[in-house]
Amino acid sequence: GESVGLHLPTLSVQEGDNSIINCAYSNSASDYFIWYKQESGKGPQFIIDIRSNMDKRQGQRVTVLLNKTVKHLSLQIAATQPGDSAVYFCAENWGGGADGLTFGKGTHLIIQP
Amino acid sequence: EPEVTQTPSHQVTQMGQEVILRCVPISNHLYFYWYRQILGQKVEFLVSFYNNEISEKSEIFDDQFSVERPDGSNFTLKIRSTKLEDSAMYFCASTTEPGSTQYFGPGTRLTVL
């Protein structure tokens with residue numbers, strides 16, 4: 001079936017290094033992708049989004065890359081900080097009136113001091 | 001900055017009891033959602049709501065679930081007869097239009113005993 005998934009459940013990086021979190025999606029009809037950050041005991045917090053007519057979008061310290069050819073999404077976090085420790089989810093939304101988000105399983109990002 | 005709020009933060013109930021989870025979406029948003037997250041798993045879409053009716057629901061959202069916007073600010077999720085497997089975090093989200101960023105509340109932790 002169609003699904004959104006993440007390649008790695010846990011990613012450990014040194015403070016100050018860059019992090020890359022990957023996501024694969026299989027629904028070719030998806031036209032909107034979002035990265036959420038979830039800290040323990042809290043709700044998903046919007047980080048950055050991208051639409052299918054783009055392949056890159058930058059925010060503050062974060063960049064999302066979309067490769068529609070291989071159906072791959074990535075989140076790059078520059079100069080990671082202790083506050084970046086969280087679980088990161090990618091989510092997709094596909095058109096045709098289906099506006100519920102489909103979430104991936106999540107990657108736990110751990111920042112080592 | 002406006003945010004989605006949810007009450008209560010934690011609800012404990014006995015199996016078979018009815019529970020109502022409450023949400024106050026962001027004030028100028030028109031589309032509302034409920035999601036759930038079983039411990040350690042990904043966030044799952046339950047239902048979307050617009051113009052006082054359900055616009056989409058997942059297979060999880062069976063006859064035991066219902067949603068309502070009883071007034072101009074609240075959005076509720078009712079579980080008629082709770083089961084053990086309903087234990088999860090329930091998140092409310094809202095947005096201005098489909099295919100746009102959905103903003104999540106902090107969640108209600110439901111524990112069914």
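The preceding data block contains the structure.
Note that this is a predicted model, so its numbers are computed, not measured. (Residues numbered from 1 in each chain as written. Chains lettered and ligands numbered in written order. Predicted model: local features only at pLDDT ≥ 70, side-chain atom pairs only at ≥ 80, totals over all residues. Heavy atoms only, no water.)

**Q** Outline the nonpolar core, listing residues and values.
**A** W34, L46, F61, V67, F75, L77 and Y90 of chain B are the most contacted members of the largest nonpolar core, which has 22 residues in total. When contributions to this core are tallied by element, the ones reaching two or more residues are β3 (19-24), β4 (31-37), β5 (44-50), β7 (65-68), β8 (75-79), β9 (88-95) and β11 (108-112) of chain B. For Y90 of chain B, the contacting residues outside a window of four places in its chain are Q6, L21, W34, Y35, R36, L46, F65, L77, I79, G107, T108 and L110 of chain B. By size, the runner-up hydrophobic cluster in this structure holds 20 residues, among which are F33, I50, V62 and I111 of chain A. (Core = buried A, V, L, I, M, F, W, Y, C linked by side-chain atoms within 4.5 Å. Buried < 20%, exposed > 50% of the residue type's maximum accessible area, 1.4 Å probe, protein only. Helix = DSSP H or I, 4+ residues; strand = E, 2+ residues; numbered from the N terminus. Contact = heavy atoms within 4.5 Å.)

**Q** Got a sec to walk through the state of the cysteines? Specific residues and values, please.
**A** What is meant by a disulfide is a covalent connection between two cysteines, made through their sulfur atoms. Scanning all chains against the criterion turns up two disulfides over all chains. Disulfide partner of C23 of chain A: C90 of chain A, at an S-S distance of 1.9 Å. With the S-S dihedral at roughly 55 degrees, the linkage between C23 of chain A and C90 of chain A falls on the right-handed side. Of the two residues, C23 of chain A sits in strand β3 (residues 19-25) while C90 of chain A sits in strand β9 (residues 86-94), which places them 67 residues apart along the sequence. Here C23 of chain B is linked by a disulfide to C92 of chain B, with a sulfur-sulfur distance of 1.9 Å. A torsion of -65 degrees about the S-S bond marks the disulfide between C23 of chain B and C92 of chain B as left-handed. Linking C23 of chain B in strand β3 with C92 of chain B in strand β9, this pair joins segments that are 69 residues apart in sequence. (Disulfide = S-S within 2.5 Å.)

**Q** Please give an account of the packing of aromatic side chains that cites residues and values.
**A** Any aromatic ring pair is given by two values, namely how distant the centres are and how the planes are angled relative to each other. Applying the stated rule across the entire model yields 17 aromatic pairs over all chains. These aromatic residues form a ring-pair network of at least three members: Y36, F46, F89 and F103 of chain A together with Y33, Y35, F45, F91, Y103 and F104 of chain B. Against the face of Y32 of chain A rests R51 of chain A, its NZ or CZ located 4.2 Å from the ring centre. (Phe/Tyr/Trp six-rings, centres within 6.5 Å; stacked < 30°, edge-to-face > 60°. Lys NZ or Arg CZ within 6 Å of the ring centre and 35° of its normal.)

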